[in-house]
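# A structural walkthrough
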Amino acid sequence: MLFLAMVAALIASILLTPLVIKLAFRIGAVDRPNYRKVHASIMPRIGGLAIFGAFLIGYLVLRPADEHAAGILVGALIIVIVGFLDDMLEITAKAKLAGQLAAALVVVTWGGLQIEFINLPFIGQIDFGYLSIPITIIWIIGITNAINLIDGLDGLAAGVSTIALISISVMAMIMGDLFVVATAAILAASSLGFLFYNFHPAKIFMGDTGSLFLGFMISVLALLGFKNIAVVSLIIPVIILGVPISDTFFAIVRRIRLKQPITAPDKSHLHHCLLRTGFSHRQTVLIIYGIAILFGVAAILFSQATVWGAILLIIVMLIAIELFVEIIGLAGGNYRPLLNLVRMIGK
């Protein structure tokens, strides 16, 4: 039955996207080129409506049951409306944040989804108590915006999101959480169908309608699947979402180092750095896909490792990420502490 729901979502996405393209041009929901963007022509940008519509169709075919389901769907509808309004009217950052907060609150209060505790090796369980609600909201909003930030190249956000959703579905299958398996798989199929039109050269952008929806759903499904598991509860979803989280983290580091506002836009995100290195548009996207797949595999290995094996894996990953960041200049051109240390040792 899950396979049927996935096929329905995939086909629906492929059929709905051309209709959304026509709608976008008719209502003026288009993205115009500027100095920060890599596309050179006017593009329709509410493709997220096709992803959302296809997801709903696949979801209704299977109707996976869970106590959190109603809150998640209502929160998703709110976030899609916020994204659509931003694509149409370019609402203020505060208004967009307020909408994200409303969607997160629905999931936390009505849906009852909260990060209640984490288990740390050698320390044991740490209960969050009253902090569980704000921590959960921060996670949801943070991941939602992280997916939004990587939506800078044709097929990038859709592809990375699809890979993350497949990873979440596989992990949930290992843990026996059938609702997360089904929901993540249906959403992955919806996003994959959209990629037929969004991969370079794109015929449509997902816009904030799509990136906020995908980010919101990924954040919620990651929490739902891994919120109270053993070892380090939040490490697995953090690894799965390694691409958007690391890109966002180093964007903050970069702006602090350059004494710029944290929310200031720039052209130094991961995809910008790879393009400057000399890779083509398509090569850059495929490289980031590869990195996202490596993070997904690492998350699965982490979940099956011993405590010491998991710690060693994290150390190796952090060193590899830092070296990669310094080589491509993700945190700024002159940020090279680890490379400088290696050169000093080598002398």
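Residues numbered from 1 in each chain as written. Predicted model: local features only at pLDDT ≥ 70, side-chain atom pairs only at ≥ 80, totals over all residues. Heavy atoms only, no water.

## Looking at the overall build of the protein
Of regular secondary structure, the protein possesses 14 helices and four strands. Its C-alpha radius of gyration of 20 Å places the protein within 12% of the 20 Å reference for a compact globule of 347 residues. If you line up the protein on its principal axes, its C-alpha atoms span 65 × 45 × 35 Å. Out of the 347 residues belonging to the protein, those deemed buried represent 52%. The contacts of the protein with a sequence gap of at least 6 include a subset with a gap of at least 24, amounting to 72%. In the structure as shown, the protein presents an accessible area of about 15700 Å², 72% of it carried by carbon and sulfur atoms. A distance of 11 Å separates the average location of the 21 positive side-chain charges in the protein from that of its 16 negative side-chain charges. (Helix = DSSP H or I, 4+ residues; strand = E, 2+ residues; numbered from the N terminus. Rg over C-alpha atoms; globule rule 2.2 N^0.38 Å. Buried < 20%, exposed > 50% of the residue type's maximum accessible area, 1.4 Å probe, protein only. Contact = heavy atoms within 4.5 Å. Areas by Shrake-Rupley, 256 points an atom, 1.4 Å probe, with all protein chains shown as cover. Lys, Arg positive; Asp, Glu negative; His and termini not counted. Charge placed at Lys NZ, Arg CZ, Asp CG, Glu CD.)

## Observations concerning a nonpolar patch on the surface
Taken together, Leu 77, Ile 81, Leu 85 and Leu 89 make up a surface patch of nonpolar side chains, about 370 Å² in accessible area. With respect to the helices and strands, Leu 77 occurs in helix H3 (residues 69-89). (Patch = residues over 30% accessible without salt bridge, like charges linked within 9 Å, V, L, I, M, F, W, Y side chains within 5 Å. Salt bridge = Lys/Arg side-chain N within 4 Å of Asp/Glu carboxyl O.)

## Looking at unusual backbone geometry
Of note, the amide linkage connecting His 200 to Pro 201 takes the cis form, showing an omega dihedral of 0°. Phi angles above zero are rare outside glycine, and Arg 63 is one such case at about 50°. Within the element layout of this structure, Arg 63 appears in the loop between helix H2 (48-62) and H3. Its relative accessible area of 63% is what places Arg 63 among the exposed residues.

## Here's the deal with helix H7 (residues 178-198)
An α-helix turns once per 3.6 residues; consequently, residues spaced three or four apart project the same way. Taking 1.5 Å per residue as the helical rise, H7 with its 21 residues ought to reach 30 Å, and the 29 Å between its terminal C-alpha atoms agrees with that figure. Counting buried positions along H7 gives 18 out of 21 residues, so the element sits mostly inside the fold. (Expected span 1.5 Å × (residues − 1).)

## What to know about the packing of helix H5 (residues 132-149) against helix H10 (residues 242-257)
At a minimum axis distance of 9 Å, the contact between H5 and H10 shows a crossing angle of 90°. Judged by the inter-axis angle, H5 sits roughly perpendicular to H10. Along the contact surface, H5 presents Ile 143, Ala 146, Ile 147 and Leu 149, while H10 presents Pro 244, Ile 245 and Thr 248. (Axes fitted to C-alpha atoms, helices over the stretch in contact; angles between N-to-C directions. Parallel < 35°, antiparallel > 145°, perpendicular 65-115°, else oblique.)

## Description of the nonpolar core
If you look at the biggest cluster of nonpolar residues, it comprises 94 residues, and the most contacted ones within it are Phe 213 and Phe 216. The contacts of Phe 213, once residues within four sequence positions are left out, are Ile 51, Phe 52, Phe 55, Ala 76, Ile 79, Val 80, Leu 187 and Asp 208. (Core = buried A, V, L, I, M, F, W, Y, C linked by side-chain atoms within 4.5 Å.)

## As for the packing of aromatic side chains
Two descriptors summarise a pair of aromatic rings, namely the distance from one centre to the other and the angle between the planes of the rings. In this structure the tally under the stated criterion is five aromatic pairs. For the pair Phe 52 and Phe 213, a centre-to-centre distance of 5.2 Å together with 80° between the ring planes defines the contact as edge-to-face. Separated by 161 residues along the polypeptide, Phe 52 in helix H2 and Phe 213 in helix H8 (residues 207-226) bring together distant segments of the chain. A single burial state applies to Phe 52 and to Phe 213, both of which are buried. Ring geometry for Phe 55 versus Tyr 59: centroids 5.7 Å apart, planes at 45°, classification tilted. In this pair, Phe 55 and Tyr 59 are both assigned in helix H2, four residues apart and thus about one turn of the helix distant. The pair formed by Phe 55 and Tyr 59 is uniform in burial state, with each residue classed as buried. Clustering of aromatic rings is evident, with ring pairs tying together Phe 52, Phe 55, Tyr 59 and Phe 213. (Phe/Tyr/Trp six-rings, centres within 6.5 Å; stacked < 30°, edge-to-face > 60°.)

## Points about the pattern of salt bridges
Summed over all chains, the structure comprises three salt bridges. Ionic pairing is found between Glu 90 and Arg 45, a salt bridge with its closest N-O pair at 3.4 Å. Here Glu 90 is found in the loop between H3 and helix H4 (93-110), whereas its partner Arg 45 is found in the loop between strand E2 (43-44) and H2, with 45 residues between them in sequence. Look at the salt bridges and you will find they share partners, linking Asp 86, Lys 96 and Asp 208 into a network.

## Brief notes about the side chain of Asp 208
Relative to the elements of secondary structure, Asp 208 occurs in helix H8. Within the structure, the side chain of Asp 208 is placed 2.8 Å from the side chain of Asn 148, a separation counted as a polar contact. With residues near it in sequence (within four places) discarded, Asp 208 still touches Gly 83, Asp 86, Asp 87, Lys 96, Asn 148 and Phe 213. (Polar contact = N/O pair within 3.5 Å; in protein donor to acceptor, adjacent residues only side chain to side chain.)

## Some remarks on the environment of Glu 116
Checked against the element boundaries, Glu 116 lands in the loop between H4 and strand E3 (117-120). When the C-alpha atoms of Glu 116 and Phe 324 are compared, they prove to be 34 Å apart, with 208 residues separating the residues in sequence.

## Some details on the confidence of the model for the protein
Mean pLDDT over the protein works out to 86, with 92% of the residues at or above the 70 mark. Looking across the protein, the model is least confident in E3, with a mean pLDDT of 68, and most confident in H2, with 96. When the criterion is pLDDT under 50, residues 228-232 qualifies, and its contacts beyond four places in sequence or with other chains add up to 14 contacts. (pLDDT = per-residue confidence, 0-100.)

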